[in-house]
Amino acid sequence: MRTARTTRWLATVPMAALAVATVYPLVFTTNVALKTRHDYILDRFAPTPAAHWDNFAEAWANAGVSQYFVNSLIAVTCAVVLLLLLGSMAGFALSHLPFRGSRALFLACLAALFIPFQVIMVPLARTMTGMGLIDTYPGLILAYVAQFLPFTIYLMTSYYSGIPADIVDAARIDGSSVYGVYRRIMLPLGAPALLSVGVLDALFCWNDVLIALLLMPSAQHRTLMVGITSLRGQYSDDIPTFAAGVLIAAVPILVVYLVFQRQIADAVTAGATKG
Amino acid sequence: MTGARLLVRSESGRTSSSTSINRARRVRPERLAAYVLVAPSVLVIVGLRLWPLLLGVNFSFTGDGDRDGLAVGLDNYAELLRDPVFRIALRNVGLLVLLLPVAVAIPGLLATFLYLRVPGARLYRAVYFFPAVLSPVIVGSIFTLLLAYDGPVNAALKTVGLEPVDWLGDPGVAMFTVAAVHIWATFGMALVVFLAGFATLDSTLIDAARTDGAALRQVIWHVIVPGLSRTIQFVFVTTMIGMLTSMFGLLYVMTSGGPGGATYLPEYYIWIQQGQMNRPALASAASTVLFLVMLVVGLAQIALLRKATRED
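Residues numbered from 1 in each chain as written. Chains lettered and ligands numbered in written order. Predicted model: local features only at pLDDT ≥ 70, side-chain atom pairs only at ≥ 80, totals over all residues. Heavy atoms only, no water.

Undergrad: Could you clarify how one ought to interpret the interface of chain A and chain B in this entry?
TA: Counting residues at the interface gives 90 residues for chain A and 85 residues for chain B. Of the roughly 8,100 Å² buried between chain A and chain B, counting both surfaces, carbon and sulfur atoms make up 77%. Contact with chain B buries surface across chain A, with Met-15, Gln-118 and Tyr-257 of chain A losing the most and accounting together for 8% of the total. Across the chain A-chain B interface, the total number found is 0 salt bridges. The interface formed by chain A and chain B includes 15 residue pairs in polar contact (both at pLDDT 80 or more). Across the side of chain A that touches chain B, the residue classes tally to 67 nonpolar, 14 polar and 9 charged. (Contact = heavy atoms within 4.5 Å. Buried area = accessible area lost by both parts, 1.4 Å probe. Salt bridge = Lys/Arg side-chain N within 4 Å of Asp/Glu carboxyl O. Polar contact = N/O pair within 3.5 Å; in protein donor to acceptor, adjacent residues only side chain to side chain. Nonpolar A, V, L, I, M, F, W, Y, C, P; charged D, E, K, R; others polar.)

This is the structure:
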């Protein structure tokens, strides 16, 4: 038992060091973002003498971050709503309704889960161009839905599989249509899974850079992450403003993380424990 | 509930023929509804995931530019093999595969410590997991500041008397730097998966081993590893997929593939050929190679790990 306790305390040192290594980059960036350009050039490490919030205002208003932020918000919101709608519909059908090809569909979902975007991005960009969807919100939203739908369906199907068939049968006997069962039973009962997978889908879409870079080329359509990459060149001589822009992009993620940490972990681990 | 259903069935179906009509009527709308419910998903997945894969493979056998649309056989693949930049990209994939055990062992060990209730475990877990939900763009932006030649990392090295390192400008170092940042940013994901695996472990086994006086190393090797074989397998495969497909943001922000192409990965090569060089067919060939590499490495890993965990 003594060895166990020693091991515990020995482990504390590297673990605390790693925790510092995890937090420090964010602390450093925050400190930089609160400095004036002058202070930054003089000494980039020292704690800022006075919080200089102007950098955030500059990044938000003049660097175009507010526009990028709104663009991302539009794309992510629409994509997540569609993902949850399609994912819960398909998950309900796959888990509770017998139909020809249901197994094939589930396998196709699993297969699609392992097709990375990089592998299909060239033909996808051509298809989108052909449909006139390049550089449009519907195109980007559709691409996000296609990218994260297999994962969403997979999680919703495994969650709904845990709901007893009797509940569905009883509602059907009470005269409810299949759609009624979906709307009045499956959607409310699926709320915890919808929340988990929705939060994770939102993070995936919010954090994406490759899909947006490929499908939304024009400057006024930049999503927040694409905008941040362009900020780097734009503000190469004004690092504090750049740092402020980066932090603005990170704040929604931090808030979502603090509120939904458990749900995110649930969604991440669902694939591991059930697969 | 089943009883109630039987009751209703026998009530409504007075004769056997009316029961079967009733059932047929009931099955049809159910089937139809199922198809209606899955139709949009099928359309999206087939149309925008599976079909493009085939299109892409097909497209990789056609030409670019003047030869647009013409069948060129394996020309694109031959060109890939000749291209030194693509070779670097493949070599870097090899490097990542070699780093894979490290990327799995770090979260595995940390999860073990957390599971054994290191003081402050909940806080550690929350802190470690946070970078995993940050965008690669944010992570990359922060680390370009940290790893600048005159940045804080080198300043720290200087205070302990070490020479500064050109983290992102030295071709021999840059790929390791980006890979390390990627591991920093994603180990929390694997950690959480490991912790979920630990929750399924039989803790009495571990307690028994420890009261028998087994060292931590022995407990890990003989109790935890065999007990978590499926979790370990899952983490290996997902970590590898992450390394091969989610480093684009870091590369784009931190190195742009440089210096001198030293940090190219297939995904970055595909992007450059498609977006900048206007060589979509060549990019498709690179996509196909990436897909095959992932398939092979993934299957090989599963086979190897199956064998390794069966021996115990």
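Structure's up, so let's keep going.
Undergrad: What should I look at first to understand the packing of helix H4 (residues 65-96) of chain A against helix H9 (residues 178-189) of chain A in this one?
TA: The axes of two packed helices give the description: the angle between them and the distance between them. Residues and elements named next belong to chain A. Running from N to C, H4 and H9 point in directions that differ by 110°, and their axes come no closer than 11 Å. The angle between the axes of H4 and H9 places the two elements in the roughly perpendicular class. Contact residues: H4 offers Leu-85, Ser-88, Met-89, Phe-92 and His-96, while H9 offers Val-178, Val-181, Tyr-182, Met-186 and Leu-187. Its residues assigned to classes, the contact of H4 with H9 comprises 8 nonpolar, 2 polar and no charged. (Axes fitted to C-alpha atoms, helices over the stretch in contact; angles between N-to-C directions. Helix = DSSP H or I, 4+ residues; strand = E, 2+ residues; numbered from the N terminus. Parallel < 35°, antiparallel > 145°, perpendicular 65-115°, else oblique.)

Undergrad: Just to check I follow, could you spell out the packing of aromatic side chains for this structure?
TA: Geometrically, a pair of aromatic rings is defined through the distance of the ring centres and the angle of the planes. Counted under the stated rule, the structure contains 25 aromatic pairs over all chains. Seen from their ring centres, Phe-151 of chain A and Phe-204 of chain A are 5.9 Å apart, and the 65° between their planes marks the pair as edge-to-face. Highlighted residues: Phe-151 of chain A in helix H7 (residues 137-161) and Phe-204 of chain A in helix H10 (residues 191-207), separated in sequence by 53 residues. Accessibility expressed as a relative area gives 17% for Phe-151 of chain A, which makes it buried. A ring pair is formed by Phe-248 of chain B and Tyr-268 of chain B, whose centres lie 5.8 Å apart and whose planes are at 35°; its orientation type is tilted. Of this pair, Phe-248 of chain B sits in helix H12 (residues 248-254) while Tyr-268 of chain B sits in helix H13 (residues 266-276), and the two are 20 residues apart along the sequence. Here the two residues Phe-248 of chain B and Tyr-268 of chain B agree in accessibility, since each one is buried. Grouped by ring-pair contacts, the aromatic residues Phe-86, Phe-248, Tyr-252, Tyr-264, Tyr-268, Tyr-269 and Trp-271 of chain B constitute a single cluster. Here Arg-232 of chain A stacks its cationic end above the ring of Phe-242 of chain A, 5.3 Å away from the centre of that ring. (Phe/Tyr/Trp six-rings, centres within 6.5 Å; stacked < 30°, edge-to-face > 60°. Buried < 20%, exposed > 50% of the residue type's maximum accessible area, 1.4 Å probe, protein only. Lys NZ or Arg CZ within 6 Å of the ring centre and 35° of its normal.)

Undergrad: For this particular structure, what's the right way to read the environment of Asp-238 of chain A?
TA: Residues and elements named next belong to chain A. Within the secondary structure layout, Asp-238 lies in the loop between helix H12 (224-234) and helix H13 (239-274). With relative accessibility at 10%, the residue Asp-238 sits in the buried group. In this structure the C-alpha to C-alpha distance between Asp-238 and His-38, which are 200 residues apart in sequence, comes to 9.5 Å. A distance of 2.7 Å separates polar atoms of two side chains, one belonging to Asp-238 and the other to Thr-241.

Undergrad: Just to check I follow, could you spell out the nonpolar core for this structure?
TA: Most often, soluble globular proteins keep nonpolar side chains buried together rather than apart. Counting residues in each nonpolar core, the largest one holds 203 residues, and the members touching the most others are Phe-92, Tyr-144 and Ile-264 of chain A together with Ile-138 and Trp-271 of chain B. For this core, the element with the most residues is H13 of chain A, which contributes 16 residues. Composition of this core by domain shows at least three residues from each of domain 1 (2-59) and domain 2 (75-311) of chain B. Each residue touching Ile-264 of chain A, except ones within four places of it in the same chain, is listed here: Val-199, Leu-200, Leu-203, Val-256 and Tyr-257 of chain A together with Phe-129 and Val-133 of chain B. (Core = buried A, V, L, I, M, F, W, Y, C linked by side-chain atoms within 4.5 Å. Domains from an automatic or database assignment.)

Undergrad: Help me understand the domain arrangement of chain B, please; the structure alone is not making it clear to me.
TA: Accessible area lost during the coming together of the parts is what is often quoted as the interface size. All names here are of chain B. Considered domain by domain, chain B is made up of domain 1 (2-59) and domain 2 (75-311). Each partner contributes residues to the interface: domain 1 has 4 residues there, and domain 2 has 5 residues. Area buried by domain 1 at its contact with domain 2 is led by Leu-53, Val-57 and Phe-59, which between them contribute 87% of it. Across the domain 1-domain 2 interface, the total number found is 0 salt bridges. Taken together, domain 1 and domain 2 are joined by 0 residue pairs in polar contact (both at pLDDT 80 or more). Across the side of domain 1 that touches domain 2, the residue classes break down as 3 nonpolar, 1 polar and no charged.

Undergrad: Can you help me understand the pattern of salt bridges in this one?
TA: Pairs can form between side chains of opposite charge whenever their charged atoms are close. Under the criterion given, the structure shown has 4 salt bridges over all chains. The shortest N-O distance in the salt bridge between Asp-266 of chain A and Arg-262 of chain A comes to 3.5 Å. With Asp-266 of chain A and Arg-262 of chain A both in helix H13 and 4 residues apart, the pair spans about one turn of that helix. Overall, Asp-266 of chain A belongs to the partly exposed group, its relative accessible area being 38%. Here Arg-262 of chain A falls in the exposed class, since its relative accessible area comes to 57%. For Arg-279 of chain B, the salt bridge identified is with Asp-64 of chain B, shortest N-O distance 2.9 Å. Of this pair, Arg-279 of chain B sits in the loop between H13 and helix H14 (280-311) while Asp-64 of chain B sits in the loop between helix H2 (16-59) and helix H3 (75-82), and the two are 215 residues apart along the sequence. Residue classification places Arg-279 of chain B among the partly exposed residues on the basis of a relative accessible area of 23%. Taking relative accessible area as the criterion, Asp-64 of chain B reaches 12% and is therefore assigned buried. Because the salt bridges share partners, they merge into one network encompassing Asp-64, Glu-79 and Arg-279 of chain B.

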